[in-house]
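In case you want the letters, here they are:
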Amino acid sequence: MFTNQHHLKHLLRPHHYTSEEQYRAELRHLFHPAWHPLAVKSDLAKPGDFLTFDLLDTPILIRNFDGELRAFLNVCPHRHSRLTDTARGNAEKLRCQYHGWEFNKDGGTGKIPDAKAFRPWDRDNSCLRRFRVDTCSDLVFVNFSEKGPSLREWIGPLWDVWQEYGGAYRHAGTWEKDFPCNWKVVLENSLESYHIPEVHPYTFKDFPPEENAWHELTDRFTSFKTVPPREFATRAQDWIVRRMGEPVTNEYWHRVLHPHATGSSLDSFRMMQCVFPTGPTSCRYRCIFFTLRGHRQNPLAWALYRALRSISTMIAKKVFAEDGSIYAGVQRGMEVSPHPGVIGTREERVYHFQKFVLDNTRGPRELPLAPAPEVEHANGVCAE
Ligand code: FES
Ligand SMILES: [Fe+2]
């Protein structure tokens, strides 16, 4: 059921998908305050495990310090080198690759080669910049802001639902891809089922009728639910899920927590997708994919899990590639379009998303932020 019964205004104008100014406003007001799902706990299971990312003009390093996850700006306070250029690995110490400064879990310095050369020691300017890191079930989130809502507060109404990224579901893979389009092109595509007949003619075939499409539109998120038709693939999935000892709902859910965290699910999988701007007309899509493992330990359950993981991953990547084939064309059209655009009732989540973007990036919100408060350092321990 749709909330609106009449078409809606396309609130964003083409320049919102191309301008440097809008890009900067979105980084500042939408992305820097947000929590970003970047990894899973099993990526960082052992002490010394680390991952690095380049997101939102920011190099990030997440590391396991004896069981505690910590995230830092991947830039050394000595002479600005990245601490490491390795995407993932394990190292006994967090040590800069250039001159070997070592850092502890608070971002303070440990061993400094030839330390006497730095007398008197400038403690305040020798700490790594720390980011907040937290987990929701098996998902690892990072936040660039020193202050703001906790992860639990930020996820808010979806906290219980997103506990399912773990438990009966097991991480099956993570993939990412860069696209030559504004990030909102990708996100808006995910918010509507209207494109299904043209873009997914064989995988999904048709969009569901209105009576089988439920939308929820709130300040924090929008969602879509449908019950897929009882075709062979659906019946096969139900059979497998039952044999694995898990409940069958046969519901498909898609929820986007503003601005970008996108959780979708069937009984057979849980998927967390995110799209990050990498420039005004480019973005990076990242997907963390879980498939059903269930709790049964018998050989049949294990074999079904392996089959489900392989088939679900293949289908998810196929759908992802189909969507990916349209983005560049949308962006190219957007850049020269003389039209105001229009949004149908089936696309009402797009309208809601556009309103969120405008409300949070125009007017007073475009004013520069107040300077960050001075951070105090005490006893060589960097402030939280
Ligand atoms: S730049 Fe990192 S130790 Fe010199
Ligand atoms: Fe799609």
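Here we summarise the structure given alongside this text. Predicted, not measured: the structure shown is a model, and the values here were computed from it.

Rules and cut-offs
Residues numbered from 1 in each chain as written. Chains lettered and ligands numbered in written order. Predicted model: local features only at pLDDT ≥ 70, side-chain atom pairs only at ≥ 80, totals over all residues. Heavy atoms only, no water. Helix = DSSP H or I, 4+ residues; strand = E, 2+ residues; numbered from the N terminus. Buried < 20%, exposed > 50% of the residue type's maximum accessible area, 1.4 Å probe, protein only. Lys, Arg positive; Asp, Glu negative; His and termini not counted. Salt bridge = Lys/Arg side-chain N within 4 Å of Asp/Glu carboxyl O. Polar contact = N/O pair within 3.5 Å; in protein donor to acceptor, adjacent residues only side chain to side chain. Contact = heavy atoms within 4.5 Å. Patch = residues over 30% accessible without salt bridge, like charges linked within 9 Å, V, L, I, M, F, W, Y side chains within 5 Å. Areas by Shrake-Rupley, 256 points an atom, 1.4 Å probe, with all protein chains shown as cover. Donors = N, O, S within 2.8 Å, 3.2 Å for Na, K, Ca; no water. Pairing = 2+ DSSP bridges. Axes fitted to C-alpha atoms, helices over the stretch in contact; angles between N-to-C directions. Parallel < 35°, antiparallel > 145°, perpendicular 65-115°, else oblique. Nonpolar A, V, L, I, M, F, W, Y, C, P; charged D, E, K, R; others polar. Core = buried A, V, L, I, M, F, W, Y, C linked by side-chain atoms within 4.5 Å. Domains from an automatic or database assignment. Phe/Tyr/Trp six-rings, centres within 6.5 Å; stacked < 30°, edge-to-face > 60°.

The next point concerns the side chain of E246. With respect to the helices and strands, E246 occurs in the loop between α5 (232–243) and β14 (252–257). Put simply, E246 is tucked away with no salt bridge, and the nearest opposite charge, on R296, sits 7.0 Å away. Side chain to side chain, E246 and H295 meet in a polar contact 3.1 Å long. In this structure E246 touches A168, V241, L292, G294 and H295, once residues within four positions along its chain are discounted.

Together, M1, W214 and V227 give the surface a local cluster of nonpolar side chains, amounting to about 240 Å² of exposed area. Residue placement: V227 occurs in the loop between β13 (221–226) and α5.

This next bit is on the coordination of the iron ion (ligand 2). At 2.1 to 2.6 Å from the iron ion (ligand 2) lie its protein donor atoms, namely H195 (NE2), H200 (NE2), D323 (OD) and D323 (OD). When the donor residues of the iron ion (ligand 2) are listed from N- to C-terminus, their spacing reads H-x4-H-x122-D. The pair H195 / H200 is uniform in exposure class, with both members buried.

A sheet is described by the order of its strands in space; here 7 strands give the open sequence β11-β17-β16-β15-β14-β13-β12, paired in antiparallel fashion. Each having just a single partner strand, β11 (169–179) and β12 (214–217) make up the two edges of the open sheet. Strand-to-strand twist of the sheet, defined as the mean angle between neighbouring strand axes without regard to direction, takes the value 15°. In this structure, β14 lies alongside strand β15 (residues 261–266), joined through 5 bridges in antiparallel fashion. Directly across from W253, in β15, lies its bridge partner S265. Set on the sheet, helix α7 (residues 348–361) makes contact with β12, β13 and β14; between it and β12 the angle comes to about 10°.

So, about the pattern of salt bridges. Considering all chains together, one arrives at 19 salt bridges under this definition. Its salt-bridge partner being D106, residue R70 comes within 3.1 Å of it at the nearest N-O pair. Remark: D106 occurs in the loop between β8 (102–103) and β9 (130–136) and R70 occurs in strand β5 (residues 68–73); sequence separation between them is 36 residues. A salt bridge links K355 to D359; the shortest N-O distance between them is 2.9 Å. With K355 and D359 both in helix α7 and 4 residues apart, the pair spans about one turn of that helix. For K355, a relative accessible area of 36% translates into the label partly exposed.

Turning to the pairing of β9, a few remarks are in order. As a general feature of sheets, a regular strand has side chains that alternate between the two faces. Note: β5 against β9, 2 bridges, orientation antiparallel. Bridge pairing in β9 links F72 to R130. Sheet topology places β9 next to strand β10 (residues 139–143); 5 bridges connect them, and they run antiparallel. Paired with V133 across the strands is V142, a residue of β10. In textbook terms, the turn of a hairpin is the stretch between consecutive antiparallel strands, and for β9 and β10 this stretch comprises 2 residues, one of which, S137, has a positive phi near 55°.

Here the focus is the packing of helix α1 (residues 20–31) against α7. Viewed as axis vectors pointing N to C, α1 and α7 meet at an angle of 90°, and their least axial separation amounts to 9 Å. Considering their axes alone, α1 and α7 lie roughly perpendicular with respect to each other. For the pair α1 and α7, contact is made by Q22, A25, E26, H29 and L30 and by F356, V357, N360 and T361, respectively. The class makeup of the residues in the contact of α1 with α7 is 4 nonpolar, 4 polar and 1 charged.

Right, let's talk about the nonpolar core for a bit. Ranked by size, the top nonpolar core spans 79 residues in total, and within it I62, W154, I155 and W162 carry the most contacts. Two domains each provide a minimum of three residues to this core, namely domain 1 (8–18 + 154–366) and domain 2 (41–144). Beyond its immediate sequence surroundings of up to four residues, W154 is in contact with A34, W35, F141, P149, R220, L257, H258, P259, H260 and A261. Counting residues in hydrophobic clusters, the runner-up holds 11 residues, among them L61, L83, L94 and I112.

So, on to the packing of aromatic side chains. For the structure on display, the rule yields 18 aromatic pairs. Summarising the aromatic geometry, the rings of W101 and F118 are spaced 5.3 Å apart at their centres and angled 85° between planes, so their arrangement reads as edge-to-face. Of this pair, W101 sits in the loop between β7 (94–95) and β8 while F118 is found in the loop between β8 and β9, placing the two residues 17 residues apart along the sequence. Accessibility expressed as a relative area gives 5% for W101, which makes it buried. Ring geometry for W101 and W121: centres 5.5 Å apart, planes at 50°, overall tilted. One end of the pair, W101, is in the loop between β7 and β8; the other, W121, is in the loop between β8 and β9, and 20 residues separate them in sequence. Connected via pairs of aromatic rings, a cluster forms that spans W101, F103, F118 and W121.

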